[in-house]
Amino acid sequence: MKNYPELPLPSRSDSLWRYTSWKKIHPTKIEEMPKSAPISFSEGEDFDIADSTEIARSFIHSISDSGKKVTLKDENLDLDLESVGSIASGELYIESTGDSTLKIRLHGESKWTGLRIIGDVTGSLSVAVLNEISDDCNFLRCDDWKVNRDSILELATLSVGGNLNKSDIRIDLNSKGSDLRCGIASNGNGKRNDDHHIEIQHSVGFTTSSLVMHASCDGSSRSIGTGMLKICEGADGSDAGQVFRNLLLSEKSRAEAIPGLEVLADDVKAAHGAASAPIDKEQIYYLSSRGLSSQESSSLIVEGFLMDAFRHVKNPDVVQSLRNGLLNHLNEIITG
C-alpha cells in the first residue's frame, strides 16, 4: 500500500510549501494518480527504496516503477539521466565509501519530471547536479543525504533548466566529524520559477556545514531560497553557516531569500545572511567600454556571481563541470 493517497495536503503556512504549493507542482489534478515513464539511468541496479511520509517523496515513490542503486568506492562516475514522455520520475539511492566523485546531469523533453535522491556517505563524496531539462518542464526534486562519522559531502547544484522548479534538499550530519559543503547556483530568465528549500541538521556535536546559494534573475523570472539550519540539543561544538545572495537583472524579476536558524545547543557557531541587489551599471559600462556588448557584459558578471556559490567546493572536477554547464547555458542565451 502506497502512503501517498492517505497523506493530507500540506498547508501553505508550512515554509516548504509557502511559495510553490503542492497543488501547483502536482502534474495533474490532485485527485489523480498519473502514469509515469521511468527516468533513463545509464548506471545502477534495481533497488527497493522505502516509501516516505513526506508528500513529495511519497508521490515520486508511488508513480515510479522501481528505484536504482549506485554504489561508489574510490571512483568517479558520470551519471546521465534523461526524462522522456509526458511525465517522468525516478528514485536513486547512492551509497558511497572512500574518496569518490559523482556528476549527475538531468536533461530531457518531458513536461513533468520528479527525481528522488537518497544518499549515504562514508569517506568523501563530491557531487555535481546539473539541471538542464527542457524549458517547458516542471521539475520536482527531493534529496535526503546522511553524512557519517568523519565524512565529507560536497553537494553542488547548477539549476538552469525547467520552467517551474521545486527542490527540497535535506542533509543530516549524524556523527562526530561529519562535514557538509553545499553550493547552489540558479539562473532565471523568461518566466522561470526556481524554488529551493534546504534543511541541514546537526544531529550531534563537532560537525560542520556551509551553505551558499546564489541566484540571478532576468526577465520576469523568480527565485526563492529558504533554508533551515537545525542544531539539535547536545550538539555542542557545531559550526554552521548559510548565505543567500540574489542578483536582479531586470525590473520585473523577483527574488526571496529566507534563511532560518533553530539552535538548541549552547556552545556552537551559527550564522546566516541574505542580500539582494540589481546588477552594477558601472560594471556593465566598464566591460562595454572594452568591446563587449551589453548582453555579453551581463553574462560575464552572472558567470562570476554564480560560480562564487561553489567557493567551498574543493573538488576541481566538480567545479569545472558546473562551469562548463553554465558557460554553455549563458552562450545559448546570447546566441538565441
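In the block above lies the structure referred to throughout.
Residues numbered from 1 in each chain as written. Predicted model: local features only at pLDDT ≥ 70, side-chain atom pairs only at ≥ 80, totals over all residues. Heavy atoms only, no water.

J.: I'd love a proper account of helix α4 (residues 294-307), names of residues and values included.
T.: Taking 1.5 Å as the rise per residue, α4 with 14 residues should run 20 Å; its terminal C-alpha atoms sit 20 Å apart, in good agreement. Taken together, the buried positions of α4 are occupied by Ser-297, Ser-298, Ser-299, Ile-301, Val-302, Glu-303, Phe-305, Leu-306 and Met-307. Each element contacted by the buried residues of α4 is listed here: β13 (179-188), β15 (208-217), β17 (239-248), α3 (281-288) and α5 (316-335). (Helix = DSSP H or I, 4+ residues; strand = E, 2+ residues; numbered from the N terminus. Expected span 1.5 Å × (residues − 1). Buried < 20%, exposed > 50% of the residue type's maximum accessible area, 1.4 Å probe, protein only. Contact = heavy atoms within 4.5 Å.)

J.: Go over the side chain of Arg-222 with me, naming the residues and quoting the values.
T.: You can see Arg-222 is positioned in strand β16 (residues 222-231). On the accessibility criterion, Arg-222 (18% relative accessible area) is buried. Those residues in contact with Arg-222 that lie beyond four places of it in its chain are Tyr-19, Arg-192, Asn-193, Asp-194, Cys-217, Arg-254 and Glu-256.

J.: With reference to specific residues and values, describe the pattern of salt bridges.
T.: Taken as a whole and assessed by the stated rule, the structure comprises 24 salt bridges. Here Arg-254 makes a salt bridge to Glu-256, at a shortest N to O gap of 3.6 Å. By relative accessible area, Arg-254 is classed as partly exposed at 45%. What makes Glu-256 buried here is its relative accessible area of 18%. Three or more residues are tied together by salt bridges with common partners; here these are Glu-54, Arg-57, Asp-144, Asp-168 and Arg-170. (Salt bridge = Lys/Arg side-chain N within 4 Å of Asp/Glu carboxyl O.)

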